[in-house]
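Listed here are the chains, written in short residue letters.
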Amino acid sequence: MKILLLCKKFPYPQKDGESIAIHTLSLALSELGCEVSLLAMNTSKHYFNGNGYPAEAAHFRTIRTVAIDNSIRPWAAFRNLFSGESYHIARFVSDEFARVLTDMLQTDTYDVVQLETLYLAPYIPTIRKHSDAIVSMRAHNVEHEIWERIAGNTSNGLKRWYLHHLTAKLKRYEQQVLEQYDLLLPITQRDQRQFRNMGFKGLSVVTPIGVSKLEIPKPKEVSPRQSISFIGSLDWMPNVEGLNWFIDEVWPSLQSAYPQLELHIAGRNTPKCLLQLNKPGIVVHGEVPDSAAFIQQHPIMVVPLLTGSGMRAKILEGMALGKTVLTTSIGLEGIHANHRTEVMIANTPDQFLESLHYLLNHPNRLQQISQKARALVQEKYNSKGIAKRVLAAYTNHFAEIV
């Protein structure tokens, strides 16, 4: 089967959940015998300027990228206030990308064109015009929900109004294009239900982020010192929002109770305000060359997400590396793990403090949870098993057409 992936950014290096999700599924599909090609936007925000493509991308038959400046422009954002189109989506509309897509569809024949996220939906008419391929949407999130939650947590009245305005248009667009997909691949069962509630009536297969057993390093012994890690893309608003909340609402009491405890923060595109942070016990590393090596240095990993949708790849990575993850109910969406068995769950400052006190004072329990977390990921989130379900759905769809 020949599959063309369309991505709104070049998914390497694998520094964020979206890139990890694209890599693990495309690699597993390739290992199952599919011929997978990639057409990616090379955006100003996530620009890839390497000489040649990374070795991790060797499974792609063909790779093409299109440079796109999708930066937020104040005048364009202002004019969009008086337009019915979604500004979130409009920033990813490119004549050059459509031209390259047309060239690939006319040069080769694909069985499936798989859109990675809603932001590629504007190109469905181009696909339909030049190809008979199945059009599937890998929905990494229910996109408008992220912005609804961010708007709801925004205290500034004018900014909150503006975010609600943008979100309403994004939601309308997300709902309208549902009828254009032949197959929907939501990341979580919860997101699948949301899309059904929004009116989607077609074929849908839950396609979570997976991990490859061959790519999971063995757990390493960590330093006996007590330390906590946070890692995530720090140009993604929910990560910044949650981390700032943890630093303001949880860390002062925790650091007072455990003066030797350290919080180590790493992330791509770390804002200057965090890099200049000067608080006792907090170490800000900025972007680190190897996320697995960073995670392995600390026994506890915190993911204090207050908003968001979809599934967090970094939580899976932490669990796969044998770390005990402490996160919120929102952070755990899409991962079927149990409190105090494979993970720890907390939603308020007091609950975070209680959970961390429990972990820091019960090292044996900490180790038990981390071991069960690693076993859960290997059993339920194997990327090849997930890819088999996707491939079966594509095959069945072709059988129905014939």
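Refer to the structure above for everything that follows.
These numbers come from a predicted model, not from an experiment.

Calculation notes
- Numbering of residues begins from 1 in every chain and follows the order in which that chain's sequence is written.
- Reporting in this predicted model follows two pLDDT cut-offs: at least 70 for local features of residues, and 80 or more for side-chain atom pairs to be given and counted; totals over whole chains, interfaces and linings ignore these cut-offs and use all residues.
- The basis for every side-chain value is the complete set of non-hydrogen atoms in the structure, without hydrogens or water.
- Helix and strand assignments follow DSSP, with helices taken as H or I runs no shorter than four residues and strands as E runs no shorter than two, numbered in order from the N terminus.
- Only protein chains enter the accessibility calculation, which uses a 1.4 Å probe; a residue is then buried when its area is under 20% of its type maximum, exposed when over 50%, and partly exposed in between.
- By definition in these notes, contact holds between two residues if any of their heavy atoms fall within 4.5 Å.
- Accessible surface area values rest on a Shrake-Rupley calculation with a 1.4 Å probe, where residue burial reflects the displayed protein chains alone.
- Charge assignment in this entry is limited to Lys and Arg as positive and Asp and Glu as negative, and neither His nor the chain termini are counted.
- Where a charge lies is defined by one atom per residue type: Lys uses NZ, Arg uses CZ, Asp uses CG and Glu uses CD.
- Here the term cavity refers to a set of points on a 1 Å grid, laid over the protein atoms alone, in which a 1.4 Å probe fits but cannot get out; the term pocket refers to an open set having protein on both sides within 12 Å along at least five of seven lines, with lining residues being those that place an atom within 4 Å of a point.
- Grid points are joined across faces, edges and corners, and a volume is the space filled by probe spheres set on the points.
- For two strands to be treated as a pair, DSSP must find no fewer than two bridges joining them.
- Only the stretch in contact is used when a helix axis is fitted, and all axes are lines through C-alpha atoms; the angle between N-to-C directions ranges over 0 to 180 degrees.
- How far a helix is expected to stretch is found by multiplying one less than its residue total by 1.5 Å.
- For patch detection, residues must exceed 30% relative accessible area and be free of salt bridges, and they are connected within 9 Å for like charges or within 5 Å for nonpolar side chains (Val, Leu, Ile, Met, Phe, Trp, Tyr).
- Here, a salt bridge means any side-chain nitrogen of Lys or Arg that lies within 4 Å of a carboxyl oxygen of Asp or Glu.
- Crossovers are described as right-handed under a simple rule: with the strands pointing away from the observer, the path leading from the first strand over the helix to the second runs clockwise.
- Any angle from 65 to 115 degrees is called roughly perpendicular, while one under 35 is roughly parallel, one over 145 is roughly antiparallel, and all others are oblique.
- Gly is placed with the polar residues, together with every amino acid not listed as nonpolar (Ala, Val, Leu, Ile, Met, Phe, Trp, Tyr, Cys and Pro) or charged (Asp, Glu, Lys and Arg).
- Only the six-membered ring of Trp is used, alongside the rings of Phe and Tyr, when aromatic pairs are assigned; centres must lie within 6.5 Å, and planes under 30 degrees apart are stacked while those over 60 apart are edge-to-face, with the rest tilted.
- A ring is scored as having a charge over it whenever the NZ atom of a lysine or the CZ atom of an arginine sits within 6 Å of its centre and within 35 degrees of its normal.

1. Let's talk about the overall build of the protein chain
When helices and strands are counted, the protein chain shows 16 helices and 13 strands. Oriented by its inertia axes, the alpha-carbon framework of the protein chain measures out at about 65 × 50 × 45 Å. Per-residue burial for the protein chain yields a buried fraction of 55% across its 402 residues. Within the protein chain, contacts between residues at least 6 apart in sequence are counted, and of these 71% link residues at least 24 apart. Split by element, the accessible area of the protein chain, about 17,600 Å² in all, is 50% carbon and sulfur. Each charge sign in the protein chain was given a centre, from 42 positive and 37 negative side chains, and these centres are 2 Å apart.

2. What to know about the layout of surface pockets
Quantified by volume, the largest pocket comes out at close to 1,100 Å³. Lining the largest pocket we find 47 residues, and of these Lys-8, Lys-45, Asp-235, Trp-236 and Met-237 sit closest to its centre. Secondary-structure elements contributing two or more residues to the lining of the largest pocket are helix H1 (17-31), helix H3 (87-90), helix H6 (143-152), helix H7 (157-176), strand S8 (227-231), helix H9 (237-249) and helix H13 (313-320). Sort the elements by how many residues they give to the lining of the largest pocket and H6 lands first, with four residues.

3. Observations concerning the sheet that holds strand S9 (residues 262-266)
Note: strands within a sheet are paired through backbone hydrogen bonds, in either parallel or antiparallel orientation. Pairing in this open sheet of six strands is parallel, and the strands run S10-S9-S8-S11-S12-S13 from one edge to the other. The open sheet has two free edges, formed respectively by strand S10 (282-286) and strand S13 (344-345), since each of these has just one partner strand. Here strand S11 (residues 300-303) runs beside strand S12 (residues 324-327); their pairing, made up of four bridges, is parallel. Residue pairing in the sheet places Ile-300 in a bridge with Thr-324 of S12.

4. Considerations on the side chain of Asp-108
Within the secondary structure, Asp-108 sits in the loop between helix H4 (95-107) and strand S4 (112-116). Sequence-distant contacts of Asp-108, defined by excluding residues within four places in its chain, comprise Lys-2 and Arg-61.

5. What about the sheet that holds strand S2 (residues 35-43)?
Spatially, S3-S2-S1-S4-S5-S6-S7 is the arrangement adopted by the seven strands of the open sheet, whose pairing is parallel. The open sheet has two edge strands with one neighbour each: strand S3 (63-68) and strand S7 (203-204). Relative to strand S5 (residues 134-139), S4 runs parallel, the two being bridged by five bridges. When the bridges of S5 are listed, Val-113 appears paired with Val-135. In the packing of H1 onto the sheet, contacts are made with strand S1 (2-7), S2, S4 and S5, and the angle to S1 comes to roughly 175 degrees. H4 contacts S1, S2, S3 and S4 of the sheet and is inclined by roughly 165 degrees relative to S3.

6. Looking at the environment of His-144
Relative to the helices and strands, His-144 is located in helix H6. A relative accessible area of 4% means that His-144 is categorised as buried. Taking C-alpha positions, His-144 is 9.2 Å from Leu-166, a pair spaced 22 residues apart along the chain. Look past the residues within four positions of His-144 in its chain and what remains in contact with it is Thr-167, Leu-170, Lys-171, Glu-174 and Met-198.

7. Notes on the environment of Asp-16
Mapped onto the fold, Asp-16 is located in the loop between S1 and H1. Sequence-wise, Asp-16 and Ile-231 are 215 residues apart; in three dimensions their C-alpha atoms are separated by 9.7 Å.

8. Section: H9
Taking 1.5 Å per residue, 13 residues should reach 18 Å; H9 reaches 18 Å between its end C-alpha atoms and fits that length. For H9, the full list of buried residues reads Pro-238, Asn-239, Gly-242, Leu-243, Trp-245, Phe-246 and Ile-247.

9. Quick word on a nonpolar patch on the surface
A contiguous nonpolar patch, built from Trp-75, Phe-78 and Phe-82 and spanning about 410 Å² of accessible area, is present on the exposed surface. Topologically, Phe-82 is positioned in the loop between helix H2 (74-80) and H3. For Phe-82, a relative accessible area of 66% puts it in the exposed group.

10. Here's the deal with the pairing of S5
With respect to burial, S5 is a largely interior element, six of its six residues being buried. On S5, burial covers both faces: Ile-134, Ser-136 and Arg-138 on one face and Val-135, Met-137 and Ala-139 on the other are all buried. You can see the chain leave S4, run along helix H5 (residues 124-130) and come back into S5, and the turn it takes is right-handed. Note: S5 against strand S6 (residues 183-186), four bridges, orientation parallel. What sits directly across from Arg-138, in S6, is Leu-185.

11. Side note on the packing of H9 against helix H14 (residues 349-361)
As a packed pair, H9 and H14 sit with axes 10 Å apart at the nearest point and diverge in direction by 75 degrees. Here H14 runs roughly perpendicular to H9, going by the angle between their axes. Across the interface between the two elements, Trp-245, Phe-246 and Glu-249 from H9 touch Pro-349, Phe-352 and Leu-356 from H14. Partitioned by chemical class, the residues of the contact of H9 with H14 number five nonpolar, no polar and one charged.

12. A look at the environment of Arg-340
Tracing the chain through its elements places Arg-340 in the loop between S12 and S13. Residues Arg-340 and Arg-268 lie 72 residues apart in sequence; the distance between their C-alpha atoms is 30 Å.

13. Considerations on the packing of aromatic side chains
One pass over the structure, following the stated rule, counts eight aromatic pairs. Ring geometry for Phe-246 and Phe-352: centres 5.8 Å apart, planes at 70 degrees, overall edge-to-face. Here Phe-246 is found in helix H9, whereas its partner Phe-352 is found in helix H14, with 106 residues between them in sequence. By the burial criterion, Phe-246 is buried, and Phe-352 matches it. Joined through ring pairs, the aromatic side chains of Phe-10, Tyr-12, Phe-48 and Tyr-53 make up one cluster. Over the ring of Tyr-110 we find Lys-2, and its NZ or CZ is 5.9 Å from the ring centre.

All we've got here are geometric facts, nothing functional implied.
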